[in-house]
Amino acid sequence: MIASTGSSGLYKAPFSKGLLLLPSALSILLAFLFQPQQSFFVYNLQAIKENFQVWNLIFGRLICLDLKDTFCSSLLIYNFRTLERRFGSRKFTSYLLGTWILSALFDILLVEAVEVFTGITLSTLPSGFLSPVFALFVPFYCSVPRVSLAHIFGWFPITNKTLVYIVGLQLLTSSPYMLVVAVSGLVSGLFYSKDVLNIGQLLCVPRWLAKVFSQTLEPIFSSVEPINEAHVGMGATVDIQRQQRIELLDQQIMLSQLSQFGRRRHDQGGIFGWNRFFQPLRQRQVVNHAEPQAPSPPAPEQQVAQLMEMGFSRADVLTALRASNNDVNLATNFLLQR
């Protein structure tokens, strides 16, 4: 399973759902049924510069003509749906629109730079909605907390983001010219995130337009609130799900306690402090002489509302905040890992 996926699916991420369904369906239709019409979606920069074919600039940057690119970009969009829950659909759509426009300019500048410094003329680039997908790595890296899950040979960490980066690397290596698209997307993402020259205010979806789309298209692409557990006929699955939640809860408790104990100096357990690292395991047993920890303070309603806006139920939010000692970042990771 790709990192950041969970039982909540595409709930409260209608724009991400639309990006998954429509471009992917059109890409498959062009590949199998309408191959002669693929020429309309070729991202031909030479035709754009010499013949001013603006329509080529638009259509060539919407639909992937390579099914491998379609598959990888769809996986990335599915994982990046958590950003839409964090930012809201209007801000998320504005980010994609702004980076799509900016990356069109950076594509031309990068192609010209490659021709000047290397003498290589790039007439075409990979087609599809790719630059904004690479641009989403900027808020994903900055906004989604990183949680270490395991280590390979004790040195290389495996985190909740590792598989997302692997899919991005696979997309990057799918074409020799994909590097231009990737650099263009990352640079446009940095420009938009840093609001260089007030780009965030200039290239954004107007409120009236967002309201129109929320009333017309959002009901079509919206998803129902997920049911965490089946009511009948799924006893074994429910037990597995409950066990997984217990393990994730223990993991979050351990991370929270390690962060707290790291700020304090305890001399218990000798030089290596084994008692601190195995605190959650000792708490499962009643045979220890440590003083009981004070219960976590009640979660602030502002934090509860913030996490509920991302599509999680109040009960799950309270459980996550209680497990993470009201740490919003850890609670968010706990909810996204479910």
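Since we're looking at a predicted model, the values are computed, not measured.

Peer 1: Is there a simple way to explain a nonpolar patch on the surface in this structure?
Peer 2: Taken together, the side chains of Leu 26, Ile 28, Leu 29, Phe 32, Leu 33, Phe 34 and Leu 67 present a nonpolar region at the surface, about 660 Å² in accessible area. Of all the elements, helix α1 (residues 14-32) adds the most residues to the nonpolar patch, at four residues. Structurally, the position occupied by Phe 32 is in helix α1.

Peer 1: Is there a simple way to explain the packing of aromatic side chains in this structure?
Peer 2: To describe a pair of aromatic rings, one takes the distance between the centres and the angle between the planes. All chains considered together, the criterion is met by ten aromatic pairs. The interplanar angle of 70 degrees and the centroid separation of 5.3 Å between the aromatic rings of Phe 106 and Phe 191 together place this pair among those described as edge-to-face. Pair noted here: Phe 106 is in helix α6 (residues 89-118) and Phe 191 is in helix α10 (residues 178-193), with a separation of 85 residues, a long-range link. Put simply, the rings of Phe 80, Phe 134, Phe 137, Phe 140 and Tyr 165 pair up and form one aromatic cluster.

Peer 1: In this structure, what is going on with unusual backbone geometry? I would like to understand it.
Peer 2: Trans peptide bonds make up the majority, and among non-glycine residues the majority have a negative phi. Of note in the backbone geometry, Asp 195 takes a positive phi value of approximately 55 degrees without being a glycine. Mapped onto the secondary structure, Asp 195 falls in the loop between α10 and α11 (199-202). Assessed through its relative accessible area of 30%, Asp 195 is described here as partly exposed. The backbone of Leu 197 sits at a positive phi, close to 55 degrees, despite the residue not being glycine. Inspection of the secondary structure assignment puts Leu 197 in the loop between α10 and α11.

Peer 1: Would you explain the environment of Pro 145 in this entry?
Peer 2: Note on placement: Pro 145 falls in the loop between α8 (137-143) and β3 (148-152). The buried category is assigned to Pro 145, whose relative accessible area is 15%. Here Pro 145 is in contact with Arg 86, Asn 160, Lys 161, Asn 329 and Asn 333, once residues within four sequence places are set aside.

Peer 1: Explain the side chain of Ser 16 to me, please; I cannot follow it from the model alone.
Peer 2: Turning to its location among the elements, Ser 16 is positioned in helix α1. When residues no more than four places from it in sequence are discounted, the contact partners of Ser 16 are Leu 10, Ile 77, Arg 81, Glu 84 and Phe 92.

Peer 1: Help me out: how do you make sense of the pattern of salt bridges in this one?
Peer 2: Under the definition given, this model contains four salt bridges. The shortest N-O distance in the salt bridge between Lys 49 and Glu 112 comes to 2.9 Å. Here Lys 49 is found in helix α2 (residues 45-51), whereas its partner Glu 112 is found in helix α6, with 63 residues between them in sequence. What makes Glu 112 partly exposed here is its relative accessible area of 33%. In this structure, the salt-bridge partner of Arg 61 is Asp 107, at a minimum N-O distance of 3.6 Å. Within this pair, whereas Arg 61 is found in the loop between α3 (54-59) and α4 (67-79), its partner Asp 107 is found in helix α6, the two being separated by 46 residues in sequence. Neither residue differs from the other here; Arg 61 and Asp 107 are each classed as buried.

Peer 1: Mind showing me how you'd approach the nonpolar core here?
Peer 2: The nonpolar side chains of soluble globular proteins are, as a tendency, buried together. Among the nonpolar cores identified, the biggest contains 42 residues, and Leu 76, Phe 80 and Leu 125 are the most heavily contacted of them. The element best represented in this core is α6, accounting for eight residues. Every residue in contact with Phe 80, bar those within four places of it in the chain, is listed here: Phe 92, Val 133, Leu 136, Phe 137, Phe 140 and Val 164. Ranked by size, the runner-up nonpolar core spans eleven residues in total, among them Val 304, Met 310, Leu 321 and Ala 331.

What counts and how
- Residues numbered from 1 in each chain as written.
- Predicted model: local features only at pLDDT ≥ 70, side-chain atom pairs only at ≥ 80, totals over all residues.
- Heavy atoms only, no water.
- Patch = residues over 30% accessible without salt bridge, like charges linked within 9 Å, V, L, I, M, F, W, Y side chains within 5 Å.
- Areas by Shrake-Rupley, 256 points an atom, 1.4 Å probe, with all protein chains shown as cover.
- Salt bridge = Lys/Arg side-chain N within 4 Å of Asp/Glu carboxyl O.
- Helix = DSSP H or I, 4+ residues; strand = E, 2+ residues; numbered from the N terminus.
- Phe/Tyr/Trp six-rings, centres within 6.5 Å; stacked < 30°, edge-to-face > 60°.
- Buried < 20%, exposed > 50% of the residue type's maximum accessible area, 1.4 Å probe, protein only.
- Contact = heavy atoms within 4.5 Å.
- Core = buried A, V, L, I, M, F, W, Y, C linked by side-chain atoms within 4.5 Å.

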